[in-house]
Amino acid sequence: MSLDPAIKRLTRQQMAWRAAQDIADGSYVNLGIGMPELVARYVPAGRHVTYHTENGLLGFGERPPEGQEDPDLVNAGKKPVTLLPGAALFHHADSFAMIRGGHLDLSILGAFQVAQNGDLANWQAGEDAIPAVGGAMDLVSGVKQVFVLTEHTTRDGQPKLVERCSYALTGAGVVTRVFTDLAVVDVIDRQFVVREIVDGLSLDALRALTGADLHEAGAPGLLKAA
Amino acid sequence: MSLDPAIKRLTRQQMAWRAAQDIADGSYVNLGIGMPELVARYVPAGRHVTYHTENGLLGFGERPPEGQEDPDLVNAGKKPVTLLPGAALFHHADSFAMIRGGHLDLSILGAFQVAQNGDLANWQAGEDAIPAVGGAMDLVSGVKQVFVLTEHTTRDGQPKLVERCSYALTGAGVVTRVFTDLAVVDVIDRQFVVREIVDGLSLDALRALTGADLHEAGAPGLLKAA
Amino acid sequence: MKKPIFDPAGAVADIPDGASVMIGGFGGAGAPVELVHALLDQGARELTLVNNNAGNGGVGLAALIREGRVRKMICSFPRSSDSRAFQEAYLAGKIELELVPQGTLAERIRAGGAGIPAFFTRTSAGTPLAEGKEQREFDGQLYVMERWLKADFALVKAKRADPYGNLVYNKTARNFGPLMCMAAATAIVQVNEIVELGEIDPEIVVTPGIFVNRLVAVADPQQEERLVAQGAVYP
Amino acid sequence: MKKPIFDPAGAVADIPDGASVMIGGFGGAGAPVELVHALLDQGARELTLVNNNAGNGGVGLAALIREGRVRKMICSFPRSSDSRAFQEAYLAGKIELELVPQGTLAERIRAGGAGIPAFFTRTSAGTPLAEGKEQREFDGQLYVMERWLKADFALVKAKRADPYGNLVYNKTARNFGPLMCMAAATAIVQVNEIVELGEIDPEIVVTPGIFVNRLVAVADPQQEERLVAQGAVYP
């Protein structure tokens, strides 16, 4: 199923911006490697968010200027970061105590597939690939709320929001909200509920790009992008 | 059974001295509250011993001079101690990771009873008393070697070395060596084996003060006290 | 994130009857006397308390017990040089005791904070304290299964905090504090001083601020052993 | 107790074929390059290695794999920008992979050091990584039982040691180091400098010396990412 060319999909930056609007002031947040990392740039002014990275750091900031990178100061994606005032360093067991113990408010992760019951698959792309899980299973099991940030369909047009994940699960029933380039979709009582859709896209057209039923709770709003 | 008045029981200081002779150079040691605490004073010169206390300190020294006590720097018996160069402070979970994880070489504890199979009872003196266990069960389960330092008999003459403990156990099969005011006794293959006896006391006289069989592995040596 | 700063009374105002409260300290070292006295003043009853001991003399935790506020005490060592308040309540059948080996107590609290509902330990295997618990062999050794321990509140004393709640402690007053901050839904920490952001080196933080919910500054805190030695009684 | 000081070759000389070796580091941060290269030079084979990743480029852990020294890799994330050595060995069936979620890996190593033979975690419940493992409900939630992880040796990089082996680390190079020191029978630690006794404040020690067996001073250690960026190949 292809999309009417008049419909503008959100860019990665716009998707990150939209997700950032839903981060509450005062949150402790872990952003997954890749697109979720962009989210930090778009948190509304005045909201204070503290970022956690699996490799033992709470309270880090943006990449330092070129030439000031410290190879011993990196995030989970092994990219250089900076220490903000009030940061704390700790070892890996303490870092995952924060995750597993439910101390983080929010994690935003990428996905291969999200199922309508909240199942997430984001670590093993088929049998042939070398499996690599990192901290994803810990994050989805332990963090209070898990958002997914992903394109609505794969590069070859397959839906990523599905009835049931065909890829190996990262966690069962863990996702509460999905931000795509076409819509914002909540997972409620094992159903997808559409909250927002991009300008000009009908719910039926969105349904055609989705691998599971889409429900409404009131008319979906407009998915805006700054 | 009473003792020939000509026989000299070791004093508490002498008992502590004798136990101290068996602490190997380089050991990490936890000394129980009470008489075992005395042992630190008698470690032979030239042997370096590092003392651990349950409440989160490795590498402490003697009580400071009067007036220099710090109520935030105490040992497991809540007595003031000092920090030696090279000390380390840590929280209770890390402290017991050292104990439970088998990182300490030796613990020396008091006893109500020791059984010939190495069982130790030292925490609950009968049904009426208010039970208090502290770190004793962790120490006997986790430390590589457990010595007991105790009088050979109770104040009213009952044997403390017994066939089977009648008091509630602290740990099963944990004690390897017992230092009393009359003898040094090893626990080997679920039997008491006498290593040393105080001057003038016969093995038979010692047997009469002991609640279990005493075996020999060669003639017992003389239990000396400095 | 900046943590709200209260006075002792304000910090404990919402602790309800029946709450579970972890109280830091090992004997007097690390005992948050001001917070405990504020809890006494506040009046909450039927409390379940977690501490290594069960109070001493007529102040702090012992005063809570003496005043009949404590339904259950979870601790490793309820005896002390003057644990009269606990003894009297216990022998009168007025307080329940859950006796836990000290290392198991520490690990159960850490497990509560770290999302580990149960773990196995050698400690207490083959003893009366293992009775009623699952025991299992691993590699030929017998172990006891222990459950995590969490609480509604923790009252902890540290030396210094920054506005985000990052903490450092003083010597052996550290003891259970870092663990209790992790395991309580609401961790209330009294510190000698709250310094500016950036004044605590990230390398030396002992308790990261994520584990701390409320701060209380008590510049010159009372030391429990000194009160006990003076024979003080609160209130 | 003073810990013996070795050069890298001497420190790893007795690691036998078939040994299990934990290697610190998260990517390049904390990777003990000099110790790993000494292990390569030494020639031990059939190793079981534990690390968060599975090496990068042509140096360090990747070189051990490329040279066929590694029988089994226990890690959470064997993919990286250049994990060719592992990929080739894995796809050729020459190396076994035990994939462990990162937090479970960290906790299993801590458990190994802390005498906890098994614990329960939510992580991986309901996923293929829980297959073959005991799963159990606590309070209505499904958890997976995980076993401790120990090793014969650990190779760890820290920033500074005192003669007793007390360690402090540099920023996020801390990562798995403190845990691996606890869980290995012999913990070998390379540090930028060994300072005098008393020069590390007892309050800021991250790894107490009791967990450290051998020290190696490498004043200006190589940083793995820089070698990889240069396309370096060892030996």
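Refer to the preceding data block for the structure.
Everything quoted here is computed from the prediction, not taken from an experiment.

A. Expanded view of the side chain of S124(D). Within the secondary structure, S124(D) is located in the loop between β6 (118-121) and β7 (135-138). Judged by relative accessible area, S124(D) falls into the buried class, the value being 1%. Apart from residues no more than four positions distant in its own chain, S124(D) is found in contact with M137(A), S141(A), P101(D), L129(D), A130(D), V144(D) and E146(D).

B. Representation of the interface of chain B and chain C within the structure. The interface of chain B with chain C comprises 36 residues on the first partner and 44 residues on the second. Surface buried jointly by chain B and chain C totals about 3300 Å² across both partners, of which 63% is contributed by carbon and sulfur atoms. It is D72(B), H92(B) and I130(B) in chain B that bury the most area against chain C; as a group they hold 22% of the surface buried on that side. Among the salt bridges present, the one from D70(B) reaches K171(C), with a minimum N-O distance of 3.0 Å. Taken together, the links from chain B to chain C amount to 18 residue pairs in polar contact (both at pLDDT 80 or more). When residues of the side of chain B that touches chain C are traced back to their parent elements, those giving at least two are β4 (82-89), α3 (92-100) and α4 (136-142) of chain B. Broken down by element, the residue count for the side of chain B that touches chain C peaks at 4 residues, all from α3(B). In terms of residue class, the side of chain B that touches chain C is built from 19 nonpolar, 10 polar and 7 charged.

C. Structural detail: the interface of chain A and chain D. Each partner contributes residues to the interface: chain A has 36 residues there, and chain D has 44 residues. Of the roughly 3300 Å² buried at the junction of chain A and chain D (both faces included), carbon and sulfur atoms supply 63%. By the criterion of area lost to chain D, the three top residues of chain A are D72(A), H92(A) and I130(A), representing 22% of everything that side buries. Our count for the contact surface shared by chain A and chain D stands at 1 salt bridge. Across the chain A-chain D interface, the total number found is 18 residue pairs in polar contact (both at pLDDT 80 or more). Sorting the residues of the side of chain A that touches chain D by element identifies β4 (82-89), α3 (92-100) and α4 (136-142) of chain A as the ones contributing at least two each. For the side of chain A that touches chain D, the element with the highest residue contribution is α3(A), accounting for 4 residues.

D. Inspection of α3(A) at higher detail. Residue and element names in this part refer to chain A. With 8 of 9 residues buried, α3 lies mostly within the body of the structure. Along α3, the residues that are buried comprise H92, A93, S95, F96, A97, M98, I99 and R100. Looking one or two residues beyond α3, the residue adopting positive phi is G102, at roughly 80 degrees.

E. Local environment of unusual backbone geometry. The omega angle of the peptide bond from Y234(C) to P235(C) is 0 degrees, so this bond is cis rather than trans. Residue placement: P235(C) occurs in the segment after α7 (224-229). Unlike most non-glycine residues, R190(B) shows phi in positive territory, near 65 degrees. In this structure, R190(B) sits in the loop between β11 (183-188) and β12 (191-197). On the basis of relative accessibility, which here comes to 60%, the residue R190(B) falls in the exposed class. The phi dihedral of N175(C) falls on the positive side, at around 20 degrees, and the residue is not glycine. Along the chain, the position of N175(C) falls in the loop between β10 (167-168) and α6 (177-183).

F. Layout of the nonpolar core. Within the largest apolar cluster, 224 residues are counted, with the highest numbers of intra-cluster contacts made by I109(C), L167(C), I109(D) and L167(D). Apart from residues lying up to four places away in sequence, L167(D) is in contact with A158(D), R160(D), A161(D), C181(D), V189(D), V191(D), V205(D), V206(D), T207(D), V212(D) and L215(D).

G. Up close: the pattern of salt bridges. Residues and elements named next belong to chain B. Counted by the stated rule, this structure contains 48 salt bridges over all chains. Across the salt bridge formed by D186 and R195, the nearest N and O atoms sit 2.8 Å from each other. Relative accessible area serves as the criterion here: at 8%, D186 is assigned to the buried category. Overall, R195 belongs to the partly exposed group, its relative accessible area being 27%.

H. Quick peek at empty space enclosed by the protein. If you walk through the whole model with that rule in mind, you get 6 cavities of 30 Å³ or more. Within this model, the largest cavity holds a volume of roughly 480 Å³. Forming the walls of the largest cavity are 32 residues, and the residues nearest its centre are H91(A), D94(A), H91(B), D94(B) and V206(C). Contributions of two or more residues to the lining of the largest cavity are made by α3 of chain A, α6 of chain C together with α6 (177-183) of chain D.

Conventions used here
Residues numbered from 1 in each chain as written. Chains lettered and ligands numbered in written order. Predicted model: local features only at pLDDT ≥ 70, side-chain atom pairs only at ≥ 80, totals over all residues. Heavy atoms only, no water. Helix = DSSP H or I, 4+ residues; strand = E, 2+ residues; numbered from the N terminus. Buried < 20%, exposed > 50% of the residue type's maximum accessible area, 1.4 Å probe, protein only. Contact = heavy atoms within 4.5 Å. Buried area = accessible area lost by both parts, 1.4 Å probe. Salt bridge = Lys/Arg side-chain N within 4 Å of Asp/Glu carboxyl O. Polar contact = N/O pair within 3.5 Å; in protein donor to acceptor, adjacent residues only side chain to side chain. Nonpolar A, V, L, I, M, F, W, Y, C, P; charged D, E, K, R; others polar. Core = buried A, V, L, I, M, F, W, Y, C linked by side-chain atoms within 4.5 Å. 1 Å grid on protein atoms, 1.4 Å probe; cavity = no way out; pocket = protein on both sides within 12 Å on 5 of 7 lines; lining within 4 Å. Points joined across faces, edges and corners; volume = space filled by probe spheres on them.

From the geometry alone we can't say anything about function, so treat these as descriptive.
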